Amino acid sequence: MSKLTDSESARLHPETLALSHGFDPWLSEGAIKPPVFLTSTFAFKQAADGKQFFAWAHGEGAPRPKHEMGLIYSRINNPNLEIFEDRVALWEGMKDAYSFASGMAAIATTLLATHNPGDEMIVCAPVYGGTDSLIHVFLARFGIKAHFVPAGIDAPALAEKLITPHTRSIFIESPANPNNRLTDIARMKALALHHAPAPAGSSAGRILVIVDNTMAGPVFAQPARVGADVVLYSATKFIGGHSDVVGGVALANDDALLGAIAHHRAMLGGMPNPYTAWLLTRSLETLKIRAEEQQRNAVRVAAFLAQHPKVRKVCFLGLLTPADPEFATYQKQHTGPGSLISFYIRGGEKEAFAFLDHLKVVRLAVSLGSTESLASHPSSMTHSGLTPADKLLGEVTDDLVRLSIGIEHVDDLIWDLDQALAAI
Ligand SMILES: Cc1ncc(COP(=O)(O)O)c(C=O)c1O
C-alpha cells in the first residue's frame with residue numbers, strides 16, 4: 001500500500017507519481033517495478049466473484065473504478081494495462097484512460113463507440129493519413145458522414161455552418177499533423193454546447209469534442225483543460241518515445257463515455273498486450289525530460305531553418321508571434337512548442353527527396369516523438385492516402401518535409417541539416 005494519503009497524492013506532480021502510482025509492491029513480493037503480468041486469465045476466489053465481476057464489466061450497477069472491478073481476462077483487464085492507464089490519466093488531468101494496441105486502435109474504437117449510422121462528424125484537416133482513411137473509407141461504410149474544414153483560426157466559424165441535428169463530434173488534431181496548425185478547442189466546445197446542450201447528468205456534450213493530442217502532449221498540452229471530451233494518443237510517439245513499441249490511449253472524464261470505450265475495446269479486442277503496457281509505463285518515467293530536451297533542440301533547429309535561403313516557410317509553434325492569428329490559441333492551449341517541425345523547401349518533391357537522401361544523422365523514417373530525430377515526406381508517405389481535396393485543405397504539398405527532433409546534440413543536428421540542404 002502507498003504511504004501517501006489521497007490528498008497528499010493529489011498535490012504531487014505527474015513526473016513524481018509516474019514512478020510509483022497505481023502499483024503496490026507488496027502485492028508483488030516487494031518488487032519496486034511492476035512485474036509483467038503475462039497471463040491471459042485470472043483466478044476467481046469463488047464463483048460468485050466471477051459472476052459479480054462480469055456484471056460490472058457489462059456496466060451493471062453503479063460505475064466502478066476499474067481497479068475495484070476484479071481481474072477477469074486480459075482482453076478486458078490486466079494489471080499492466082491498468083497501471084499504465086492510471087499514470088497516463090494523471091498527465092492529462094483526466095478521470096480515466098484505456099490503453100490500446102496502437103493509436104489507430106484507440107481512434108477507431110473510440111469513434112465506433114461514440115457514433116451510430118446517420119451521425120455526422122466535423123473534422124479539422126489535416127489529420128494523420130490513417131485517421132483520414134478511417135473516416136473516409138471505413139466510417140463512411142457504416143453510414144457516418146464527415147465534413148472537413150481547414151484547421152486553424154477559421155475552423156470554428158466554418159464548423160458552425162456545418163452543424164446539423166445529426167452532428168455527433170468535432171474531431172481535431174492538435175497541432176495538426178503535419179502542418180502544425182492549431183484549432184481553438186475551447187471555441188469548438190462552446191459551439192458544441194451552444195448547438196447541443198449536454199444532456200442532464202452528463203459531463204460530455206451531445207456533440208463531442210474529440211482531440212488527438214499525439215503531436216503535443218501530454219507534457220505541453222492537455223486538451224481536456226480547455227474543453228475536450230475525449231483525448232486520443234498514438235502512444236507509439238512521445239509516450240513510448242523510443243521507436244520500439246506501438247500503442248494508443250483514449251481518455252475521458254465522463255463515466256458513460258469511458259464505459260462505452262471500455263466495452264468496445266473488449267468487443268473489438270484492440271487492447272495492448274501486457275508487455276506493451278509495461279514498456280509504455282516504463283517510458284512514462286522519462287517522458288518529461290525527453291520531451292523537454294527534444295523541445296530545447298527543436299527551438300534551435302527551427303531558428304536555423306527559418307533563416308536558411310533554401311527553406312520557404314517553417315511551421316513550428318515556437319516561431320509563432322503575436323502577429324500570427326493562432327498565437328492566442330497557442331498561448332491558451334500550450335505550455336511549450338514541442339519538437340515537431342514541418343518546413344516547405346524551395347522546389348518540390350525532387351528537392352525534398354534530395355534533402356532527405358543526404359541526411360546522415362537524422363534518420364529517414366516516418367513516425368515522431370522518439371529519442372532519435374526522424375525526417376519524412378508526408379505527401380508521399382504518411383499522408384499519401386489523403387484525398388486530393390484533403391491534401392489541399394491540409395497544405396500537404398510535395399515541397400513539405402516533416403522533422404521530429406530527438407535528443408542528439410543539437411549542433412550535430414544542425415550540421416546534418418545544413419549539409420543536406422547544401423547538397424540539393
Ligand atoms: C497524429 C497521429 N495520430 C494517430 C496516429 C496513429 O498511431 P499508430 O501508428 O500508433 O497507430 C499517428 C501515427 O503516425 C499520428 O501521427
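Draft legend 1. Just the pattern of salt bridges, in detail. Enumeration over the complete set of coordinates arrives at 14 salt bridges. Put simply, E85 and R265 hold a salt bridge, and the shortest N to O gap is 3.0 Å. Separated by 180 residues along the polypeptide, E85 in helix α4 (residues 79-92) and R265 in helix α9 (residues 255-268) bring together distant segments of the chain. Considered together, E85 and R265 belong to a single accessibility category, that of buried residues. Taking the shortest distance from any N to any O, the salt bridge between R181 and E395 comes out at 3.1 Å. A residue pair is termed long-range when its members are at least 10 positions apart, and R181 in the loop between β4 (167-173) and α8 (185-195) and E395 in the loop between α14 (388-393) and β12 (400-404) qualify at 214 residues. Residue R181 is classed as partly exposed on the basis of its relative accessible area, which comes to 24%.

Draft legend 2. Molecular detail of the site of the ligand. Around the ligand sit 14 residues, and of these G103, M104, D212, S234 and T236 come closest. The backbone of M104 places a nitrogen or oxygen atom 2.8 Å from an oxygen atom of the ligand. Note that an oxygen atom of the ligand is positioned 3.0 Å from one of the side-chain N or O atoms of K237. With the chains in place, 92% of the 390 Å² that the ligand exposes on its own is no longer accessible. Residue composition of the shell around the ligand, by class: four nonpolar, seven polar and three charged.

Draft legend 3. Structural view of helix α10 (residues 274-284). Here α10 lies mainly inside the structure; eight of its eleven residues are buried. By the burial criterion, the buried members of α10 are P274, T276, A277, L279, L280, T281, S283 and L284. In this fold, the buried residues of α10 make contact with α4 and α11 (287-306). Of the residues flanking the start of α10, the one acting as N-cap is N273, its side-chain oxygen 2.9 Å from the backbone nitrogen of Y275.

Draft legend 4. Spotlight on a nonpolar patch on the surface. On the surface, L112, F142, M267 and L268 cluster together to form a nonpolar patch covering roughly 400 Å² of accessible area. Residue placement: M267 occurs in helix α9.

Draft legend 5. Quick look at the packing of aromatic side chains. A full pass over the atoms with the stated rule returns five aromatic pairs. Measuring from ring centre to ring centre gives 6.5 Å for F327 and Y330, while their planes differ by 45°; the resulting arrangement is tilted. In this pair, F327 and Y330 both sit in helix α12 (residues 327-333), three residues apart, roughly one turn of the helix. Across the pair, Y330 and F327 agree in class, each one buried. Here the aromatic residues F44, F53 and W56 are joined through ring pairs into a cluster of three or more. Between R265 and the ring centre of F100, over which it is positioned, the NZ or CZ distance is 6.0 Å.

Draft legend 6. Just unusual backbone geometry, in detail. The residue after A125, namely P126, is reached through a cis peptide bond having omega 5°. Structurally, P126 can be placed in the loop between β2 (120-125) and α6 (129-141). In this chain, G217 is followed by P218 through a cis amide linkage whose omega measures 5°. One can find P218 in the loop between β5 (208-212) and β6 (230-234). Phi is positive for S243, which is not a glycine, with a value near 50°. According to the relative accessible area criterion, S243 is partly exposed, its value standing at 43%.

Draft legend 7. Examining the packing of α4 against α10 more closely. Interaxial distance between α4 and α10 falls to 8 Å at its minimum, and their mutual angle equals 35°. The interaxial crossing formed by α4 with α10 has left-handed handedness. Contacts between α4 and α10 involve N80, L81, I83, F84, R87, V88 and W91 from the former and P274, A277, W278, L280, T281 and L284 from the latter. Here the residues of the contact of α4 with α10 are counted per class, giving ten nonpolar, two polar and one charged.

Draft legend 8. Up close: the environment of R206. Its location among the elements puts R206 in the loop between α8 and β5. Note on R206: relative accessible area 35%, which makes it partly exposed. Taking C-alpha positions, R206 is 27 Å from M271, a pair spaced 65 residues apart along the chain. Excluding residues within four positions of it along the chain, R206 makes contact with P165, T167, R168, A196, P197, A198 and P199. Among the polar contacts listed, one links the side chain of R206 to the backbone oxygen of P165, at a separation of 3.5 Å.

Draft legend 9. How the structure looks around the side chain of D86. For D86, the position within the fold is in helix α4. Non-local contacts of D86, meaning those with residues more than four positions away in its chain, are made with H21, G22, K66, H67 and D96.

Draft legend 10. Spotlight on the side chain of D184. Tracing the backbone through its elements, the reader meets D184 in the loop between β4 and α8. Look at D184 and you get buried, because its relative accessible area is 9%. Of the polar contacts made by the side chain of D184, one reaches the side chain of K332; its length is 2.7 Å. If sequence neighbours within four positions are ignored, D184 has contacts with T329, K332 and Q333.

Draft legend 11. Broad picture of the environment of A420. Within the secondary structure, A420 sits in helix α15 (residues 410-422). Judged by relative accessible area, A420 falls into the buried class, the value being 0%. Taking C-alpha positions, A420 is 4.9 Å from H358, a pair spaced 62 residues apart along the chain. Filtering out sequence-adjacent residues up to four positions away, A420 remains in contact with F355, H358 and L359.

What counts as what
- Residues numbered from 1 in each chain as written.
- Predicted model: local features only at pLDDT ≥ 70, side-chain atom pairs only at ≥ 80, totals over all residues.
- Heavy atoms only, no water.
- Salt bridge = Lys/Arg side-chain N within 4 Å of Asp/Glu carboxyl O.
- Helix = DSSP H or I, 4+ residues; strand = E, 2+ residues; numbered from the N terminus.
- Buried < 20%, exposed > 50% of the residue type's maximum accessible area, 1.4 Å probe, protein only.
- Near = heavy atom within 4 Å.
- Polar contact = N/O pair within 3.5 Å; in protein donor to acceptor, adjacent residues only side chain to side chain.
- Areas by Shrake-Rupley, 256 points an atom, 1.4 Å probe, with all protein chains shown as cover.
- Nonpolar A, V, L, I, M, F, W, Y, C, P; charged D, E, K, R; others polar.
- Contact = heavy atoms within 4.5 Å.
- Patch = residues over 30% accessible without salt bridge, like charges linked within 9 Å, V, L, I, M, F, W, Y side chains within 5 Å.
- Phe/Tyr/Trp six-rings, centres within 6.5 Å; stacked < 30°, edge-to-face > 60°.
- Lys NZ or Arg CZ within 6 Å of the ring centre and 35° of its normal.
- Axes fitted to C-alpha atoms, helices over the stretch in contact; angles between N-to-C directions.
- Left-handed = near helix turned anticlockwise from the far one by under 90°.

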